[in-house]
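Each chain is listed here by its residues.
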Amino acid sequence: MDFNVKKIACGAGLFFTRAVQFTEEKLGQAEKTELDAHFENLMSRADCTKNWTEKIYRQTEVLLQPNPSARIEEFLYEKLDRKAPSRITNAELLGQYMQDAAKEFGPGTPYGSTLIEVGECERRLGAAEREFLQTSAISFLTPLRNFLEGDWRTISKERRLLENLRLDLDACKTRLKKAKVAEAKAAAEHELRVAQTEFDRQAEVTRLLLEGISSTHVNHLRCLHEFVEAQAAYYKRCHFHMQELQKELGRLPNAFALNSNPSVATAGSASEGISSPVETDTLKIEEVQAPATGTRKAKVLYDYDAADSSELSLLADELITVYTVPGMDSDWLIGERGNQKGKVPVTYLELLS
């Protein structure tokens, strides 16, 4: 019991001494041992690394999971050391709704069959997104969090200890200056030597930890490359799925285009014996002529494989001439490349002035 009281009293006295030393330094009434410039640069670099790692980590979390409630739920599961339940992505949920709606409207109808195809594509996009989220969390978020919760906490602890030992060292220097009696001066010199040794030892430990920030940068650089690779693979899969969907939709019956084009229906009913290049949904490409005015240049954004002889295959980044003809579906244009011509989807083009 007496030992505990003495220990508490000793700790309180040490705390008081450090508080006095700190206060006098702030008031300019006591000298402060300064660390060398290299050490100060190491600490500044470490603080900068911590601050930006924390910001990048938080914003990546928001990117991967925009819903704050979901982030809080995942955090709680992690703290409870329990596995969070698998969460369906928004794209997968939309795809499920579309396919359920197709069953109600009739999968054999143009709208129903299109809903089925788009719904399946949305589910694939959602599955790709879920894989991207999992990969990014493991390869990028986890290493950043491990640094903030592991290495940085250790560095912060050792720096606090170093600061306390620095206050003790400077308090000993102050006592030595104030000592008048030889015996008191000898005791102060001994305390100073001990304090200097402890401070130097702790400064070396802290310096080694701070120099380890360079290894942290190398590790985070590797993780950043992995994050970029995961993101690139995700967008590539999404692009592929959307290209496949556009091709599939081009093969489906387009009742909307036929019903919403009154000029075609009127022309057909007014003169049944007159042939027109756009009389039906099968375009007679060989009869289509480029207009005298109204043609434009277009840059191809993505590769496109023609579904039939009425379409023109495209290569990304090439330039072609495009124009429209009366009664043509607005999702398509006529494209020409030399002596070749055919229908091309508007979504694969960037129209140039």
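Residues numbered from 1 in each chain as written. Predicted model: local features only at pLDDT ≥ 70, side-chain atom pairs only at ≥ 80, totals over all residues. Heavy atoms only, no water.

- Going by what an unreviewed UniProt entry lists, the chain is known as Endophilin-B1 and is assigned to Dicentrarchus labrax.
- UniProt lists a comment for the chain under the heading Subunit (unreviewed entry), and it reads "Homodimer, and heterodimer with SH3GLB1." (UniProt positions renumbered as here; feature names shortened; annotations may be inferred.)

1. Notes on the pairing of strand 1 (residues 296-300)
For step 1, the next point in the chain: Pairing between strand 1 and strand 2 (residues 319-323): four bridges, direction antiparallel. Counted as the bridge partner of A298 is I320 from strand 2.
For step 2, the next point in the chain: Pairing of strand 1 with strand 5 (residues 349-351) involves three bridges; the strand directions are antiparallel. Looking at the pairing, A298 lines up with L351 of strand 5. (Pairing = 2+ DSSP bridges. Helix = DSSP H or I, 4+ residues; strand = E, 2+ residues; numbered from the N terminus.)

2. What about the nonpolar core?
For step 1, the next point in the chain: F39, F132 and L210 are the most contacted members of the largest nonpolar core, which has 37 residues in total.
For step 2, the next point in the chain: Breaking this core down by element, the ones donating at least two residues are helix 2 (37-64), helix 4 (90-105), helix 5 (110-178), helix 6 (182-211) and helix 7 (213-251).
For step 3, the next point in the chain: With 17 residues, helix 5 is the largest single contributor of residues to this core.
For step 4, the next point in the chain: Once you skip the residues sitting within four places of it in the chain, F132 turns out to touch L64, F227, A230, Q231 and Y234.
For step 5, the next point in the chain: V288, L314, Y323 and I334 belong to the second largest nonpolar core, which has 18 residues in total. (Core = buried A, V, L, I, M, F, W, Y, C linked by side-chain atoms within 4.5 Å. Buried < 20%, exposed > 50% of the residue type's maximum accessible area, 1.4 Å probe, protein only. Contact = heavy atoms within 4.5 Å.)

3. Observations regarding the environment of F39
For step 1, the next point in the chain: Structurally, F39 can be placed in helix 2.
For step 2, the next point in the chain: Put simply, F39 and L210 are 171 residues apart on the chain and 8.5 Å apart in space, counted from C-alpha to C-alpha.
For step 3, the next point in the chain: Setting aside chain neighbours within four positions, we find F39 in contact with L162, A203, T206, R207 and L210.

4. Some thoughts on the side chain of E122
For step 1, the next point in the chain: Of note, E122 is situated in helix 5.
For step 2, the next point in the chain: Buried and without a salt bridge, E122 has R123 as its closest oppositely charged side chain, separated by 10 Å.
For step 3, the next point in the chain: Beyond its immediate sequence surroundings of up to four residues, E122 is in contact with A91, E92, L94, G95 and M98. (Lys, Arg positive; Asp, Glu negative; His and termini not counted. Salt bridge = Lys/Arg side-chain N within 4 Å of Asp/Glu carboxyl O.)

5. Overview of helix 6
For step 1, the next point in the chain: Under the 1.5 Å per step criterion, the end-to-end length of helix 6 is 43 Å for 30 residues, consistent within 8% with the ideal 44 Å.
For step 2, the next point in the chain: Listing the buried residues of helix 6 in full gives A188, L192, A195, F199, Q202, A203, T206 and L210.
For step 3, the next point in the chain: In this structure, the buried residues of helix 6 make contact with helix 2, helix 5 and helix 7. (Expected span 1.5 Å × (residues − 1).)

6. Considerations on the sheet that holds strand 2
For step 1, the next point in the chain: If you trace the five strands from one edge of the open sheet to the other, you get 4-3-2-1-5, paired in antiparallel fashion. If you trace the sheet from one side to the other, it starts and ends with strand 4 (340-345) and strand 5, each paired once. Going across the sheet, the axis of each strand differs from the next one's by a mean of 40 degrees, ignoring polarity. (Axes fitted to C-alpha atoms, helices over the stretch in contact; angles between N-to-C directions.)

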